[in-house]
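Listed here are the chains, written in short residue letters.
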Amino acid sequence: MPDLSTTPTRHTALVDQAVGRLSPRWTTWALQTIQQRGPMRLADINSALPWVGVHAMAQIVRRMQTSNLLDRPQVGVYDLTPVGRGTHDVHRALSAWHRTHLADDTSSLAEAERVEDALGRLRGKGTIPLLHALAQYGPLPNGALRDEAALATGSFHYRITQLQTDQLITRTSPFSGRGSEYTLTSAARGLTPVYAELAEFARKAHPAATPPDQYGAIAQQAVRASAAVRRSPAASSELFSHVSAPQPRVPAYVTALSHPSRAR
């Protein structure tokens, strides 16, 4: 397992790349549904996930093909690619992190929903560089943190606000201003094993599925140092909450927890 602190630019970019590929809404649900049941037709995927509209699911499946997560072994039938099957360890690490650090009012969440919510908190331009900068250097003031993440002022303040909402960073003083600093929450400090699995997944995934210009820019802008990596701790293998029968509709509070407004 590579150590992010020794080659930070490359591996911060790998983590960002993995999050970008896996975080779009319903990707985890679709992956785990097909992983459990085997090759499926689009209509069968819709039956298993009835809360997703037919047209929306068709777009999700096409996007997952483009991302090299799904393949069509025969006309109209979808199955996981080797890259798609390689998401198991990432999902396990994300689920374990979410259950440990965000369990106050989410104890009844389905495991696929837990993974999607965790990925939603890591999604967005500048999120991973900001978190890695704080992991490496400790509390940083606005200007230094913005420079480390190479974000424009408006993007930086938007991202900082979102990270506070997502319980990943906090201000060291209750007042905003030139002297205010930001630091990681205990939940964010617990992300180290998640970063390890995300970087390993991206390293093994086919690079052709990722636009090279997008992640080349991320690599050049990424933070110069980041936290050391250790393997993900053991977690329950019971990740997926689906049973053989079609699932009921997702309750509104579950959908709200997924922060769909982050999808940009």
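Structure first, text after, so check above.
The following paragraphs examine the structure supplied in this document. (Residues numbered from 1 in each chain as written. Predicted model: local features only at pLDDT ≥ 70, side-chain atom pairs only at ≥ 80, totals over all residues. Heavy atoms only, no water.)

1. Details of the environment of N68
The test is simple: The numbering of helices and of strands both runs from the N terminus, where a helix is a DSSP run of H or I of at least 4 residues and a strand a run of E of at least 2. Residue burial is assigned from relative accessible area. The probe radius is 1.4 Å, only protein chains are included, and a residue is buried under 20% of its type maximum, exposed over 50%, and partly exposed in between.
Its place among the elements puts N68 in the loop between α4 (54-66) and β2 (70-74). For N68, a relative accessible area of 18% corresponds to the buried category. For the pair N68 and V83, spaced 15 residues apart in the sequence, the C-alpha separation amounts to 6.6 Å.

2. Some remarks on the packing of aromatic side chains
Rules: Paired rings are identified among Phe, Tyr and Trp, the last through its six-membered ring, by centres lying within 6.5 Å, and are further divided according to the angle between planes into stacked (under 30 degrees), edge-to-face (over 60) and tilted (the rest).
Per the stated rule, a full pass over the model turns up 3 aromatic pairs. Between W26 and W51 the ring centres are 6.2 Å apart and the planes differ by 45°, which places this aromatic pair in the tilted class. With W26 in the loop between α1 (8-22) and α2 (27-37) and W51 in the loop between α3 (42-48) and α4, this residue pair connects regions lying 25 residues apart in the sequence. For W26, a relative accessible area of 13% gives the class buried.

3. Focus: the sheet that holds strand β1 (residues 40-41)
Here is the rule: The rule for pairing is simple: two strands pair if DSSP sees at least two bridges between them.
Spatially, 3 strands are ordered β1-β3-β2 in an open sheet, and the strand pairing comes out antiparallel. Edge strands, defined here as strands with exactly one partner in the open sheet, are β1 and β2. Pairing between β2 and strand β3 (residues 77-80): 3 bridges, direction antiparallel. Residue pairing in the sheet places D71 in a bridge with D79 of β3.

4. Here's the deal with the packing of helix α8 (residues 127-137) against helix α10 (residues 153-165)
Short version of the rule: Geometry is summarised by axes, namely lines fitted to C-alpha atoms with helices restricted to the contacting stretch, and by angles between N-to-C directions that run from 0 to 180 degrees. Angles below 35 degrees are treated as roughly parallel, those above 145 as roughly antiparallel, those between 65 and 115 as roughly perpendicular, and all remaining angles as oblique. Contacts: residue pairs with any heavy atoms within 4.5 Å of one another. Note on residue categories: nonpolar means Ala, Val, Leu, Ile, Met, Phe, Trp, Tyr, Cys or Pro, charged means Asp, Glu, Lys or Arg, and polar means any other residue, Gly included.
Running from N to C, α8 and α10 cross one another at 70°; their axes reach a closest spacing of 10 Å. One element, α8, and the other, α10, form an angle in the roughly perpendicular class. Here α8 contributes T127, L130 and L131 to the contact with α10, which in turn contributes F156, R159, I160 and L163. Of the residues contributing to the contact of α8 with α10, the split by class is 5 nonpolar, 1 polar and 1 charged.

5. With respect to the side chain of T185
Position of T185 among the secondary structure elements: in the loop between β6 (181-184) and α11 (186-189). Owing to a relative accessible area of 16%, T185 belongs among the buried residues under this scheme. Residues within four places of T185 in sequence aside, it is in contact with Q167, L168, I169 and T170.

6. Some details on α8
Where burial is concerned, most of α8 is hidden: 8 out of the 11 residues are buried. Those residues of α8 that sit buried are T127, I128, P129, L130, L131, H132, A133 and L134. Among the residues trailing α8, G138 stands out with phi positive, at a value near 80°.

7. Examining the nonpolar core
Let me state the cut-off plainly: Buried residues of nine kinds, namely Ala, Val, Leu, Ile, Met, Phe, Trp, Tyr and Cys, make up a nonpolar core once their side-chain atoms join them within 4.5 Å.
Counting 62 residues, the largest nonpolar core has L122, L131, L145, L191 and L198 as the members making the most contacts within it. Dropping the residues within four chain positions of it, L131 is found in contact with L122, L163, L168, I169, L184, A188, L191 and Y195.

8. Re helix α12 (residues 192-204)
Threshold: Under the convention used throughout, the expected extent of a helix is 1.5 Å for every residue step, that is, one less than its residue count.
Counted at 1.5 Å a residue, the expected span for α12 with its 13 residues is 18 Å, and the 19 Å between its end C-alpha atoms agrees. Taken together, the buried positions of α12 are occupied by T192, P193, V194, Y195, A196, E197, L198, A199, E200, F201 and A202.

9. Notes on the packing of α2 against helix α7 (residues 111-122)
Two numbers describe a pair of packed helices, the interaxial angle and the distance between the axes. We apply this condition: Two helices cross in a left-handed way if the nearer one is turned anticlockwise from the farther one by less than a right angle. They cross in a right-handed way if the turn is clockwise.
Direction vectors running N to C along α2 and α7 enclose 145°, while the axes themselves pass 8 Å from each other. Relative to α7, the crossing made by α2 is right-handed. Touching T27, T28, W29 and Q32 of α2 are A112, E113, V115, E116 and L119, all from α7. For the contact of α2 with α7, the residue count by class is 4 nonpolar, 3 polar and 2 charged.

10. Observations concerning the pairing of β6
Relative to β6, strand β4 (residues 140-141) runs antiparallel, the two being bridged by 2 bridges. Each residue of the ladder has a partner; that of P141, found in β6, is E181. For strand β5 (residues 169-171) and β6, the ladder comprises 3 bridges, and the chain directions are antiparallel. Bridged to T170 within β6 is T183.

11. Quick look at unusual backbone geometry
Of note in the backbone geometry, W26 takes a positive phi value of approximately 75° without being a glycine. The backbone of A150 shows a phi angle near 55°, a positive value even though the residue is not glycine. Within the secondary structure layout, A150 lies in the loop between α9 (142-149) and α10. Judged by relative accessible area, which is 36%, A150 ranks as partly exposed.

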